[in-house]
Amino acid sequence: MGFIDEIKVRAKSNRQTIVLPETEDRRTYEAAAEILNEDIANLILVGKKEDIEKGGEGLDLSKATIIDPATSEKTSSYIELLVELRKSKGMTAEQAEALLLKDYLYYGVMMVKAGDADGMVAGACHSTADVLRPSLQILKTKPGTKLVSSFFVMVVPDCEYGADGTFVFSDAGLCQNPTAEELAAIAGSSAASFEQLVGKEPVVALLSHSTMGSAKHADVDKVVEATKIAKETYPNFKIDGEFQTDAAIVPSVGQSKAPGNEIAGKANVLIFPDLDAGNIGYKLVQRLAKAEAYGPVTQGISKPVNDLSRGCSAEDIVGVIAITAVQAQNM
Ligand SMILES: CC(C)(COP(=O)(O)OP(=O)(O)OC[C@H]1O[C@@H](n2cnc3c(N)ncnc32)[C@H](O)[C@@H]1OP(=O)(O)O)[C@@H](O)C(=O)NCCC(=O)NCCS
Ligand SMILES: CC(=O)OP(=O)(O)O
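Residues numbered from 1 in each chain as written. Chains lettered and ligands numbered in written order. Predicted model: local features only at pLDDT ≥ 70, side-chain atom pairs only at ≥ 80, totals over all residues. Heavy atoms only, no water.

**So, the overall build of the chain**
The number of helices and strands found in the chain is 13 helices and eleven strands. Taking 2.2 N^0.38 as the reference for a compact globule, 331 residues should give roughly 20 Å; the C-alpha atoms of the chain span a radius of gyration of 20 Å, in line with that estimate. Principal axes of the C-alpha set define a box for the chain whose edges measure 65 × 45 × 30 Å. Sequence-distant contacts in the chain: of pairs separated by 6 or more residues, those separated by 24 or more amount to 71%. Summed over its atoms, the accessible surface of the chain is roughly 14,400 Å², and 50% of this surface lies on carbon and sulfur atoms. Separation of charge centres in the chain, based on 33 positive and 46 negative side chains, amounts to 2 Å. (Helix = DSSP H or I, 4+ residues; strand = E, 2+ residues; numbered from the N terminus. Rg over C-alpha atoms; globule rule 2.2 N^0.38 Å. Contact = heavy atoms within 4.5 Å. Areas by Shrake-Rupley, 256 points an atom, 1.4 Å probe, with all protein chains shown as cover. Lys, Arg positive; Asp, Glu negative; His and termini not counted. Charge placed at Lys NZ, Arg CZ, Asp CG, Glu CD.)

**Some points on helix H1 (residues 3-13)**
Where H1 is concerned, the buried positions are Phe 3, Ile 4, Ile 7, Lys 8 and Ala 11. With its buried residues spanning 130 degrees around the axis, H1 presents them on a single face. On its buried side, H1 packs onto helix H2 (26-37), strand S5 (149-155), strand S6 (166-170), helix H8 (180-198), strand S10 (292-299) and helix H13 (314-329). (Buried < 20%, exposed > 50% of the residue type's maximum accessible area, 1.4 Å probe, protein only. Arc of directions from axis to C-beta.)

**A word on the site of ligand 1**
Around ligand 1, a shell composed of 17 residues is seen, among which Arg 86, Lys 89, Arg 133, Lys 140 and Gly 173 lie nearest. Interatomic distance of 2.7 Å between a side-chain N/O atom of Arg 133 and an oxygen atom of ligand 1. In this structure, Val 148 approaches ligand 1 through a main-chain N or O atom, which is 2.9 Å from a nitrogen atom. With the chains in place, 63% of the 930 Å² that ligand 1 exposes on its own is no longer accessible. (Near = heavy atom within 4 Å. Polar contact = N/O pair within 3.5 Å; in protein donor to acceptor, adjacent residues only side chain to side chain.)

**Brief notes about the site of ligand 2**
For ligand 2, the full set of nearby residues is Thr 128, Phe 152, Asn 279, Tyr 282, Lys 283, Pro 296, Ser 309 and Arg 310. Note that an oxygen atom of ligand 2 is positioned 3.0 Å from one of the side-chain N or O atoms of Asn 279. Measuring from an oxygen atom of ligand 2, one finds a side-chain N or O atom of Lys 283 at 2.9 Å. If ligand 2 stood free it would expose 260 Å²; the protein chains cover 86% of that surface. Ranked by the residues each element gives to the shell around ligand 2, the list is headed by helix H12 (residues 275-288), at three residues. Each residue belonging to the shell around ligand 2 can be placed in one class, and the counts come to three nonpolar, three polar and two charged. (Nonpolar A, V, L, I, M, F, W, Y, C, P; charged D, E, K, R; others polar.)

**Some points on the packing of H8 against helix H9 (residues 218-233)**
Packing of H8 against H9 leaves a shortest axis separation of 8 Å and a crossing angle of 50 degrees. Classified by the interaxial angle, the pair formed by H8 and H9 is oblique. Between H8 and H9 the crossing geometry is right-handed. Touching Ala 180, Glu 181, Leu 183, Ala 184 and Ala 187 of H8 are Lys 222, Val 223, Glu 225, Ala 226, Ile 229 and Ala 230, all from H9. A breakdown of the residues in the contact of H8 with H9 according to their chemical character gives eight nonpolar, no polar and three charged. (Axes fitted to C-alpha atoms, helices over the stretch in contact; angles between N-to-C directions. Parallel < 35°, antiparallel > 145°, perpendicular 65-115°, else oblique. Left-handed = near helix turned anticlockwise from the far one by under 90°.)

**Some thoughts on the packing of H1 against H13**
Where H1 meets H13, the axes come as close as 9 Å, and the angle between the chain directions of the two elements is 50 degrees. Taken together, H1 and H13 sit at an angle that is classed as oblique. The handedness of the crossing between H1 and H13 comes out as left-handed. Every residue of H13 that contacts H1 at Phe 3, Ile 4, Ile 7, Lys 8, Arg 10, Ala 11 and Ser 13 is listed here: Glu 315, Val 318, Gly 319, Ala 322, Ile 323, Ala 325, Val 326 and Gln 329.

Next comes the structure, spelled out in structure tokens:
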């Protein structure tokens, strides 16, 4: 069974409730119909009943719960809770009400915060910053984690590298220019995410344009420092660097560039030095190698709110909803 089919089976075994706030996008409805048809999760669609009926025309969405912020009896409690959480930032009741009635992404995150949903998925028609900012402000980093970061699960067809072609790429969505300490935290979180979702031993490579000192530059120094911190902080995970991508994933190149290294050529978790590299890298593999790309999935956050690319398909949304449900089972 492939990666996403296994995730769907796990999601079905203990159904979670996922909120979908992007009811202005047809792909949301197509994905919702498939999730409900396959019994992968319970779904909440946020919006006006008549808009949702129109948006989902021709699809069976009868098992979805529809919540209209303008009429829901829960809205006043979300306003109170939002004011409580953000009063130190100057949030007033009037501002909270205006925000929750206008911005369904904030509304969905408040549903998760209040425990009325187990997770949220959005990003088909909003930028990553707009999707993740409310969750960073409201849900916050989970205890014991330094920062929230994000990753893609990449499933590359006909590929013998990684875990039979399955990889975690991080951070390809959120942290723009991580420090060495942040890069180390991303490596630790990504190893744990790989273990949780892929169910195999993570082998983590911190990527660079240098392998074990072959190039000299401040950018390389950052990755070397991050590797040192990550190895000290997460001694139970197999982590090493700095590696070029070929040395990280191709066994023969790994052994020629880093002889005797136990991670070289075997990595299945690839840590990119910054968001430019990560975001460019995942899109190249997705589009040129025709890989499945699920994400950006967040890690290190207190409850799962996951993003999508605006270029996603309905099938991609189905995958990210199933992943979100599996993350929620473990929170
Ligand atoms: C997500 C993002 C918008 C957050 O930054 P921002 O809008 O400038 O927001 P702020 O820095 O004001 O942060 C908002 C809150 O989130 C918190 N936060 C921001 N980044 C965080 C992180 N990585 N982990 C934990 N908390 C974080 C801040 O501490 C702040 O909390 P507060 O409001 O309670 O003080 C920003 O990191 C970003 O734009 N990332 C790139 C997204 C992107 O374009 N990706 C490419 C396509 S996938
Ligand atoms: C993840 C990502 O790159 O998102 P988008 O394509 O929407 O910018």
